[in-house]
Number of protein chains: 2
Amino acid sequence: MYLNNNPIGVFDSGLGGLTVVKELIRLLPREHIVYYGDTARVPYGTKSREAIIRFSHENMRVLLKRNVKMVVVACNTSSSYALGILRKHFHLPIVGVIDPGARKAAEVTRNKKIGVIATPATVNSRSYARAIARRDRAIKISSQACPLFVPLVEEGWLRKPVTTAVAREYLGPLRRSGIDTLVLGCTHYPLLKSVLKDVMGAKVALVDSAHEVAAEVKRVLHERRLLRTSGGRARRAFLISDRPQQFEKTAREFLGYNIKAVKI
Amino acid sequence: MYLNNNPIGVFDSGLGGLTVVKELIRLLPREHIVYYGDTARVPYGTKSREAIIRFSHENMRVLLKRNVKMVVVACNTSSSYALGILRKHFHLPIVGVIDPGARKAAEVTRNKKIGVIATPATVNSRSYARAIARRDRAIKISSQACPLFVPLVEEGWLRKPVTTAVAREYLGPLRRSGIDTLVLGCTHYPLLKSVLKDVMGAKVALVDSAHEVAAEVKRVLHERRLLRTSGGRARRAFLISDRPQQFEKTAREFLGYNIKAVKI
């Protein structure tokens, strides 16, 4: 089995996972990548556990047909509900976005007070709280669901006063709780970093798991001797289940450049 | 064929169509109703024409299995893209939400300047503009997509300062254009009426198609002699493709009381 030269598979509920792809490309520029965004059913963050697990299984199958050597679940909601189940069911390395972010946050905090912002489903799953507690039981975690952040990012309102007002509304309790570290528990949120910094103040560290996830992928590929060995340019394919209105604009926001995507 | 005592079918992309059901119950309290909300794939308003048409077909089939005598497409996005196609394909009366709202707006306006607010897909389809122009070519129409309104309603932020700020941002151009009538082109928007009134001022009439749709359904049932004739209590069934997080709360907001729903 020479899997080394097969692509890394990445799936997300939509296009937010492209923030993870951006970091993968930065850290592993030679790797082939197949991205699958389930844009026909986005968002997952308000849906039921059952739906999220079923959709995640289906996304895995799409990637396995493309002969991926490993899979990145680049969706916090899927990682929260489906990661364990997917790992039992599919026998290839699967990396989620919760553990890398949780590990980084536990390293960064000094006062052992961490805030987590995410979709309602991710917050309800308590996945970050459990992952952080596994590292250090003494850490106190405050969570806040921010369901309006994804639509604000998708509207492109990244620096509007309204966005700051929404952030103040959501983050008020976290500010008062005295956290020194804030986990951005959704792949859309890195685009709101400047607003979040303004609202939280310079003393609170923002942990964006995209970079940590890419580092974890590199580590896994290295350990399993799965890093690509062949020559030639890296190929990147972008698959979507629907071509949403304003697809090009949204994809460019996340990735930083234009992509061609195939609807399957 | 004695269809009179069969239910009226209603479908929507999610739970917003319950605002239409509320009006149906008010106007036709004796009618059986089967509602189907495609909560697993909500929202439709940012997705492609092809996806919207395919989803609408599938929703029709769910209702036809329940022996509905007619169908209300209680989703502006589905009505905009799929109504004509569904009418060609399925041979039962189908009422959409665009025409009743457009007709009412054309009746209400005095200065022949109408504004339409809706999802990006509905605005892109130009369905309201065409439906209003069919009534009166002299009417000038200004449209504005308001993608943040649905998430704001679903968050329950119906009277927050932030919601007013978002409404000011979207409605600024419409206010300056001198419209005297504003069509609420999405079933979620009636819940924002108090904010919309504040922002637009008392002189602008808000047209909410839910009431007009119910009146149209009554007219169709009467004309086709399909009004229910049997005795006994009206039965109302609520079907959903996923039980989203906070389902009960959201359903109660739209309908005004608690419902039990069956996931299919």
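Keep in mind that this is a model prediction, so the values were computed, not measured. (Residues numbered from 1 in each chain as written. Chains lettered and ligands numbered in written order. Predicted model: local features only at pLDDT ≥ 70, side-chain atom pairs only at ≥ 80, totals over all residues. Heavy atoms only, no water.)

(A) Focus on the pattern of salt bridges. Applying the stated criterion across every chain, the model contains 30 salt bridges over all chains. Members of the salt-bridge network, linked through shared partners, are D38, R41, R54 and E58 of chain A. (Salt bridge = Lys/Arg side-chain N within 4 Å of Asp/Glu carboxyl O.)

(B) A look at the packing of aromatic side chains. The final tally for this structure, using the stated rule, is 10 aromatic pairs over all chains. A ring pair is formed by W157 of chain A and Y170 of chain B, whose centres lie 5.2 Å apart and whose planes are at 40°; its orientation type is tilted. In this pair, W157 of chain A sits in the loop between α7 (149-154) and α8 (161-176) while Y170 of chain B sits in helix α8 (residues 161-176), so the two residues belong to two different chains. The pair W157 of chain A / Y170 of chain B is uniform in exposure class, with both members buried. Taken together, a centroid distance of 5.3 Å and an interplanar angle of 85° make the contact between F149 of chain B and Y189 of chain B edge-to-face. A residue pair is termed long-range when its members are at least 10 positions apart, and F149 of chain B in helix α7 (residues 149-154) and Y189 of chain B in the loop between β7 (181-185) and α9 (193-200) qualify at 40 residues. (Phe/Tyr/Trp six-rings, centres within 6.5 Å; stacked < 30°, edge-to-face > 60°. Helix = DSSP H or I, 4+ residues; strand = E, 2+ residues; numbered from the N terminus. Buried < 20%, exposed > 50% of the residue type's maximum accessible area, 1.4 Å probe, protein only.)

(C) Quick peek at the sheet that holds strand β3 (residues 70-73) of chain B. All names here are of chain B. Here six strands make up an open sheet; going across it, the order is β4-β3-β1-β2-β9-β10 and the pairing parallel. Each edge of the open sheet is held by one strand with a lone partner, namely β4 (94-95) and β10 (262-263). Both strand β9 (residues 236-240) and β10 contribute to a ladder of two bridges, which runs parallel. Its bridge partner lying in β10, L239 is registered against V262. (Pairing = 2+ DSSP bridges.)

(D) Looking closely at the relation of the copies chain B and chain A. After a rotation of 180° and a shift along the axis of 0.0 Å, chain B superposes on chain A with an RMSD of 0.0 Å. When the rotation and shift are considered jointly, the pair of chain copies conforms to a two-fold rotation axis. Minimal C-alpha separation from the rotation axis in chain B is found for R41 of chain B, amounting to 2.3 Å. Comparing contact sets, 100% of the residues at the interface of chain B also lie at the interface in chain A, consistent with an isologous, same-surface contact. (Least-squares fit on C-alpha atoms with pLDDT ≥ 70 in both. Contact = heavy atoms within 4.5 Å.)

(E) Seen up close, helix α3 (residues 76-89) of chain B. All names here are of chain B. Compared with an ideal rise of 1.5 Å per residue, which puts 14 residues at 20 Å, α3 spans 19 Å between its outermost C-alpha atoms and is within 8% of the ideal. Taking the largest bend as the criterion, α3 deviates by roughly 65°, centred on A82. When we look at burial in α3, the residues that qualify are N76, T77, S78, S79, S80, Y81, A82, L83 and L86. (Expected span 1.5 Å × (residues − 1). Bend = angle between axes of the 7 residues up to and from the residue.)

(F) Spatial organisation of unusual backbone geometry. Between V42 of chain A and P43 of chain A the backbone carries a cis peptide bond, its omega angle lying at -5°. Mapped onto the elements of the fold, P43 of chain A is located in the loop between β2 (33-37) and α2 (49-64).

(G) Highlighting the interface of chain B and chain A. Facing 30 residues of chain B, the contacting portion of chain A comprises 30 residues. Carbon and sulfur atoms make up 57% of the surface buried where chain B meets chain A, a total of about 2,400 Å² over both sides. Its largest share of buried area at the contact with chain A, chain B owes to K47, L148 and Q245 of chain B, together 25% of the area lost on that side. Between chain B and chain A we count 16 residue pairs in polar contact (both at pLDDT 80 or more) in total. Put simply, the parts of the chain that give the side of chain B that touches chain A at least two residues each are α2 (49-64), α5 (120-125), α7 and α8 of chain B. It is α8 of chain B that provides the largest number of residues to the side of chain B that touches chain A, a total of five residues. Here the residues of the side of chain B that touches chain A sort into 18 nonpolar, five polar and seven charged. (Buried area = accessible area lost by both parts, 1.4 Å probe. Polar contact = N/O pair within 3.5 Å; in protein donor to acceptor, adjacent residues only side chain to side chain. Nonpolar A, V, L, I, M, F, W, Y, C, P; charged D, E, K, R; others polar.)

(H) Fine view of the pairing of strand β7 (residues 181-185) of chain A. Burial analysis of β7 of chain A places five of its five residues in the buried class, the great majority of the element. Once you follow β7 of chain A into helix α9 (residues 193-200) of chain A and on to strand β8 (residues 205-208) of chain A, the crossover reads as right-handed. (Right-handed = clockwise from strand over helix to strand, strands pointing away.)

(I) Region of interest: the sheet that holds β8 of chain A. Residues and elements named next belong to chain A. If you trace the four strands from one edge of the open sheet to the other, you get β6-β5-β7-β8, paired in parallel fashion. Lying at the two open borders of the sheet, with one neighbouring strand each, are β6 (140-145) and β8. Within this sheet the neighbouring strands show an average axis-to-axis angle of 25°, counted without direction. Strand direction decides the pairing type here: strand β5 (residues 113-118) and β6, joined by six bridges, are parallel. Along β6, the bridge assignment pairs A118 with A145. Against the sheet, helix α4 (residues 98-108) touches β5, β7 and β8, its axis set at about 160° to β8. This element, helix α10 (residues 209-223), spans β7 and β8 of the sheet and lies at about 45° to β8. (Axes fitted to C-alpha atoms, helices over the stretch in contact; angles between N-to-C directions.)

(J) Looking closely at the domain arrangement of chain A. Residues and elements named next belong to chain A. Parsing chain A into structural domains produces domain 1 (8-96 + 211-263) and domain 2 (98-208). Just the C-alpha atoms count here: the centres of domain 1 and domain 2 sit 22 Å apart. With 24 residues of domain 1 at the interface, the matching set in domain 2 holds 23 residues. For the pair domain 1 and domain 2, the summed buried area comes to about 1,800 Å², and 54% of that belongs to carbon and sulfur atoms. The interface formed by domain 1 and domain 2 holds two salt bridges in total. In this structure, E212 engages K104 in a salt bridge whose closest nitrogen and oxygen atoms are separated by 3.9 Å. In this assembly, domain 1 and domain 2 are joined by 11 residue pairs in polar contact (both at pLDDT 80 or more). When contributions to the side of domain 1 that touches domain 2 are tallied by element, the ones reaching two or more residues are α1 (18-27), α3 (76-89), α10 and α11 (247-255). When its residues are assigned to classes, the side of domain 1 that touches domain 2 shows seven nonpolar, 11 polar and six charged. (Domains from an automatic or database assignment.)

(K) Local environment of the side chain of N4 of chain A. Residue and element names in this part refer to chain A. Among the structural elements, N4 can be located in the segment before β1 (8-12). When its relative accessible area of 16% is taken as the criterion, N4 is described as buried. At 2.9 Å, the side chain of N4 forms a polar contact with the backbone oxygen of R225. Among the polar contacts listed, one links the side chain of N4 to the backbone oxygen of L227, at a separation of 3.2 Å.

(L) Spatial organisation of the side chain of T39 of chain B. Note on placement: T39 of chain B falls in the loop between β2 (33-37) and α2. Among the polar contacts listed, one links the side chain of T39 of chain B to the backbone oxygen of D242 of chain B, at a separation of 2.5 Å. Among residues more than four places away in sequence, those in contact with T39 of chain B are K47 of chain A together with S13, G14, L15, I240, S241, D242 and P244 of chain B.

(M) Just the packing of helix α1 (residues 18-27) of chain B against helix α11 (residues 247-255) of chain B, in detail. All names here are of chain B. Contact geometry for α1 and α11: axes closest at 8 Å, N-to-C directions at 45°. In terms of orientation, α1 lies oblique with respect to α11. As for the relative orientation of α1 and α11, their crossing is right-handed in sense. Residue-level inspection shows L18, T19, V21 and K22 of α1 in contact with α11, the latter providing A251, F254 and L255. (Parallel < 35°, antiparallel > 145°, perpendicular 65-115°, else oblique. Left-handed = near helix turned anticlockwise from the far one by under 90°.)

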